[in-house]
Amino acid sequence: MSDLLDVRGLVTSFDTASGWIRAVDDVSLIVGKGKTVGLVGESGCGKTVTAMSILDLLEKPAGHILEGEILFKGEDLRKVSAKRMREVRGGEIGVVFQDSREILNPSHRIGKQLINAIRLHRKISRKQAKMRALELLDAVGIPDPRRMLVSFPYQLSDGMRQRVMIANALSCDPDLLIADEPAMSLDVTVQAQILDLIDSLKEKFEMGVLLITHDLGVVAQHCDDVVVMYAGRIVEHGSTRRVYSDPKHAYSKGLLFSMPRLTNVCKHYFQTIPGHPIANENLVSGCRFCQRMDRDKSVLLRTRPEYLEVWGDHWVEVCPECYKG
Amino acid sequence: MKNKGSDLLEIDGLCIHVPHRSGFFRLKTGVVKPVDEISLKIPPGKTLGLVGESGSGKSALGKAIVRLSQPSSGKIYFEGRDITRVRGRKLRALRKKIQMVFQDSKSSLNPRMSVGQLVEEPLRLQKVGRGWQRRARVAELLERVELPRNAMRKFPYEFSAGQCQRIAIARALALDPKLIVLDGSVSDLDVSIQAQIMNLLLDLQEEKGMSYLFMSHDFSVVKHMSDMVAVMYLGKVVEMAPAEVIYQQPLHAYTKAFLSGVPNPSPFEQQAPIALQGDVPSALNPPAGCAFGHRVGHVRYEESLGQELPFEEVTPGHWLLRCPCCGPI
Amino acid sequence: MRRVCGLILIFISLLAGVGEFFALHLPTVHIVFAAREIPWLGWAIAGTLCVLGFFFIVSSFMRETSHPVTARKLSHFRRTKTGVYSLVVLMGLAMFSCLDHLLVGNEALVTRYDEVIAFPAFTKKIEMGDDYGLESHEVPNYRELNKAWKNNDGNDGWMILPLWPYAAKGDPLTEEASFVGMTSEGGDAIAALYQGLQVNFHMALVYLPLVTLIGIVVGLSAGYFGGVIDFLIQRVLEVISYVPGFLLVVLLVTQLFENWRGQFLYVLLAVATVGWVKIASDMRMSVKKERGAQYMIASRSFGASRRWIILRHLLPNSVSAALGALPMTFVSLVVSLVSLDFLGLGLAPQEFMTWGTLLRESWQSEDSQNLTMTTLVIISLFLLLIVMVSEAVREAFTPTRFSSYR
């Protein structure tokens, strides 16, 4: 099976002041070896929660995975022991988070953190771990790896810190890399570097990458497949070229149209998606995009539309209003 | 050269130098120059877009124009008058004409005040109209920014980020300003909401004939909103031209690198971003000469040392910070 | 809610005025006119309360609902059951202590003798023995008088006594009224405990607002102005917190103003000298946190003056954090008072019989074990109540983050 990660029917729920809310409502996605899958959506759509669910890093006691299978290399991560999960996390699945400032411990030197991370998953000596750390820092394009080992996080710029995070994530040769908005807080010039770095490392180490972002441009440039999420559900997925050239769901269409592009005519009005995001507790069980568009048909709001393959490997949530042939 | 009559806002050689103090005795150890000799013009009814990464100094410039901070040297002219050192009553009167919309909408609204009170605040401070007149105006403004009528009694926490930004815009419009400075006002918003707000801003500009100074780190957004675009790097404007021109014919090396890094939302066109070594240098001790040349290690960097780099109009409407390493000869 | 408060305030002020005017001695409200040396003060206070009451009522009509940010904190508070119950009990105790001589006292509430109805407890005029047909021209012992009348089948007259017809001091007590014992001033211990409770609330009524006001002003100055002012205020705060505050209070009480010792206000002010520190410190931190908030910068950009920003933006948003320290300030007041009285340095026992004084007396003698134990238990329970309220208040103002998803 070339599928590294196969998530089936994931449902994650949170206990909030207004009751249990499904942040992720029946999500399925596949990441193959050597492929980058972009998980795209606006804030609050559940993409980060999906990633946290896969890694079992949900905030307890509020977050719970209710249903679903998370098959990683054939193994269901929901059913493994805590010990095995710890091995997988970091050892076989590498994670790059959004805000490097919060992830790296500010009071430890980079070298110490890297070496500890390496030795957590591999039984090698300190010296060997140090060699490996230097290799990694070099691989992520850090100009002076030796100096980096003895530096503290606060001495680094954002771009450097993010590279260190990537080095950290790659320290044990993972098969899958989950990157949650890896370049969000970075400047555009640095952002491009980081994303290209992930691409090249993916090829070099033959990994699969799950790239979570809100930026449609990033997905276009760096992802082979794209999964569009809205309000906890997947509304469309398929290869990037297919979905971008022929978006089927009204939401995907709306998103693509409302993106400002350099090629746009200046000071021209956008075609926008009207309305504003609806709070989690008020979401209906039917088509949620219809809810946002304020469509009155109660039937649509009650019954959940089916998710079907409308073209070769191009799947859409077929709500009669949002998907029209 | 300086046609003070025609432009709404003109900045001439503006500098903001902030002394950097450290150590136990807080001695001055260096100078940070968020704004270093900047000259710009904004005609009435037009938008000047300012694009730059973090540390480029856009926010500092915006604050100086709204007179929330004092520039160290240089001049700001508004409607032909020098407002650089204006204080007291004149400053208050000026505030009616220049307003600002901030990046984080939620934190620019006092959470304890109702929406009606928030939008009314500028009117109260400037003593415009009586109570019922002000409230009528608030209702009118909220309607203009497409918020529901009952929003007046609600509080910011009940609204989403996009709606909060609308509230902030309504508030900025309250005094009928001639110039609005938008500092990253759409940056924190989701794409669909961002588009809505941009449409709203364009609409308002057409209706009221205001000028905008639109600042962001997102080149696509800035280009979309502006007539003229100025690119900032480390406190200096490196290039300024009409929006379409700067996209088609960028002259400065930094502009080119920036543009190449913007992710192209078309999967069929793979772009090759210009690789830049190193990171944005700290504004604290900027390297002498051309800062960008230093960063990319340009061969002609040394030639830029010790020179005053001129900011010139190379072709009509297209200004460039001439430097041996970055600009064309 | 506001309307109720307003009505209560007006009621109190009217009652106090009426009481003073008609030379009545009404329960609790008579303290408004307690300062005999300054006759106009009582009227001033009554007047202020009345005005405040009207203000509350009027403003309650202007704003329909309570502020939602406050409402959220209140609802959070209501969710902590221990906090709510403790507060309810505390308020109950406060109202209980308001009953004053309606409940505990050795003067009869109503008497009827010789076709004359009198209200000895409520009038300033002191009924004498011969008003009731006794030989002596002294204040009668109403208990015995009642017994005597009862024996006589009520032919002489009848009276209604308070539920616990003993006083804390100056009571012609011959034997112990209860297992708890007697006080040195010749009074019943339970009545003394009751008076101790009353003193706590009375003192808190003046102390807490005073200390809060000082704390807020100082904290605001330190947080807002920063620089040298902040530096100085911080040092003052540090000194007062590290030096045991109580020692400072003792020093004040013993070394200054000899002729004011034992007086209510003097003790109160002495304790207040150190009581404001926690509130000021909390306020300072809160102000510093809120200071850089964008909405204040936004306000400046449309021409707000400093005063406007402080009053309209800074203060409302930072005050609530500082108020979290209020219940514990009450605790420290009670503890300081008990300690001072125990050392004999606090309120004069001739005037006020407080818990500390009781402890002091009973501590020394062998046979007042009961009194000691009871007093200690009562003090502990009272403080426990306030502490539980304090915990709930803190929880309401700074909710723990991970108990549920936000």
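Treat the numbers as computed from the prediction; the structure is a model and nothing was measured.

S.K.: Give me the lowdown on the interface of chain A and chain B, citing residues and values where you can.
M.R.: In this complex, chain A contributes 44 residues to the contact, which on the side of chain B involves 51 residues. Seen at the junction of chain A and chain B, the total is one salt bridge. In this structure, A:Lys267 engages B:Asp227 in a salt bridge whose closest nitrogen and oxygen atoms are separated by 2.7 Å. At the boundary of chain A with chain B, the tally comes to twelve residue pairs in polar contact (both at pLDDT 80 or more). Taken together, the elements giving at least two residues each to the side of chain A that touches chain B come down to α7 (158-170), α8 (188-205), α9 (216-222) and α10 (240-245) of chain A. At seven residues, the largest contribution of residues to the side of chain A that touches chain B is made by α8(A). In terms of residue class, the side of chain A that touches chain B is built from 18 nonpolar, 18 polar and eight charged.

S.K.: Give a description of the pairing of strand β4 (residues 73-78) of chain B that names residues and reports values.
M.R.: As paired strands, β4(B) and strand β5 (residues 81-82) of chain B are joined by two bridges and run antiparallel to one another. Among the inter-strand pairings, B:Tyr77 is bridged to a residue of β5(B), identified as B:Asp82.

S.K.: Break down the packing of aromatic side chains for me, citing the residues and quoting the values.
M.R.: This model, assessed by the stated rule, comprises 18 aromatic pairs over all chains. Centre to centre, the rings of A:Tyr251 and A:Phe289 are 5.3 Å apart; their planes meet at 65°, and the pair counts as edge-to-face. One end of the pair, A:Tyr251, is in helix α11 (residues 250-257); the other, A:Phe289, is in helix α12 (residues 288-292), with 38 residues separating them in the sequence. For A:Phe289, a relative accessible area of 2% translates into the label buried. A centroid spacing of 4.5 Å and a plane angle of 50° characterise the contact between B:Tyr233 and B:Tyr254, whose relative ring orientation is tilted. In this pair, B:Tyr233 sits in strand β9 (residues 228-233) while B:Tyr254 sits in helix α9 (residues 253-261), placing the two residues 21 residues apart along the sequence. Each member of the pair, B:Tyr233 as well as B:Tyr254, is classed as buried. Ring-pair connections join several aromatic residues into one group, and the members of that group are B:Phe219, B:Tyr233, B:Tyr254 and B:Phe258. Sitting above the plane of the C:Phe231 ring, C:Arg235 keeps its charged end 4.6 Å from the centroid. Across from the ring centre of C:Tyr224, 4.8 Å away, lies the NZ or CZ of C:Arg291, which sits over that ring.

S.K.: Tell me what's going on with the nonpolar core, and back it up with residues and numbers.
M.R.: Membership of the largest hydrophobic core comes to 177 residues, with the highest contact counts inside it found for B:Leu40, B:Leu61, B:Ile169, B:Phe219, C:Phe330 and C:Phe382. Tallying contributions element by element places helix α6 (residues 189-225) of chain C first for this core, with 18 residues. Counting residues in hydrophobic clusters, the runner-up holds 64 residues, among them A:Ala220, A:Leu255, A:Leu283 and A:Cys290.

S.K.: Requested: an account of the sheet that holds strand β1 (residues 3-16) of chain A, with residues and values cited.
M.R.: Paired through their backbone hydrogen bonds, the strands of a sheet run either parallel or antiparallel. Residue and element names in this part refer to chain A. The strand order across the open sheet built from four strands is β2-β1-β4-β5, with neighbouring strands paired in antiparallel fashion. Looking at which strands have only one partner, the edges of the open sheet turn out to be β2 (19-32) and β5 (75-76). Where strand β4 (residues 63-72) meets β5, two bridges bridge the pair, whose relative direction is antiparallel. Among the inter-strand pairings, Leu71 is bridged to a residue of β5, identified as Asp76. With respect to the sheet, helix α1 (residues 47-54) is in contact with β1, β2 and β4, its orientation differing from that of β1 by roughly 110°.

S.K.: Tell me about helix α4 (residues 131-144) of chain B, and please be specific about residues and values.
M.R.: Working note: α-helix, 3.6 residues per turn, so residues spaced by three or four point in the same direction. All names here are of chain B. An ideal rise of 1.5 Å per residue puts 20 Å on 14 residues; α4 measures up with 20 Å between its terminal C-alpha atoms. Turning to α4, its buried residues are Arg134, Arg137, Val138, Ala139, Leu141, Leu142 and Arg144. Considering only its buried residues, α4 is in contact with α3 (115-125), α5 (161-173) and α6 (191-208). Looking one or two places after α4, you find Glu146, whose phi comes out positive at around 65°.

S.K.: Tell me about the side chain of A:Asp25, and please be specific about residues and values.
M.R.: Residues and elements named next belong to chain A. Topologically, Asp25 is positioned in strand β2. A relative accessible area of 4% means that Asp25 is categorised as buried. In terms of polar contacts, Asp25 uses its side chain to reach the side chain of Arg22, at 3.0 Å. Engagement of the side chain of Asp25 in a polar contact is seen with the side chain of Arg288, the distance being 3.4 Å.

Cut-offs and rules
- Residues numbered from 1 in each chain as written.
- Chains lettered and ligands numbered in written order.
- Predicted model: local features only at pLDDT ≥ 70, side-chain atom pairs only at ≥ 80, totals over all residues.
- Heavy atoms only, no water.
- Contact = heavy atoms within 4.5 Å.
- Salt bridge = Lys/Arg side-chain N within 4 Å of Asp/Glu carboxyl O.
- Polar contact = N/O pair within 3.5 Å; in protein donor to acceptor, adjacent residues only side chain to side chain.
- Helix = DSSP H or I, 4+ residues; strand = E, 2+ residues; numbered from the N terminus.
- Nonpolar A, V, L, I, M, F, W, Y, C, P; charged D, E, K, R; others polar.
- Pairing = 2+ DSSP bridges.
- Phe/Tyr/Trp six-rings, centres within 6.5 Å; stacked < 30°, edge-to-face > 60°.
- Buried < 20%, exposed > 50% of the residue type's maximum accessible area, 1.4 Å probe, protein only.
- Lys NZ or Arg CZ within 6 Å of the ring centre and 35° of its normal.
- Core = buried A, V, L, I, M, F, W, Y, C linked by side-chain atoms within 4.5 Å.
- Axes fitted to C-alpha atoms, helices over the stretch in contact; angles between N-to-C directions.
- Expected span 1.5 Å × (residues − 1).

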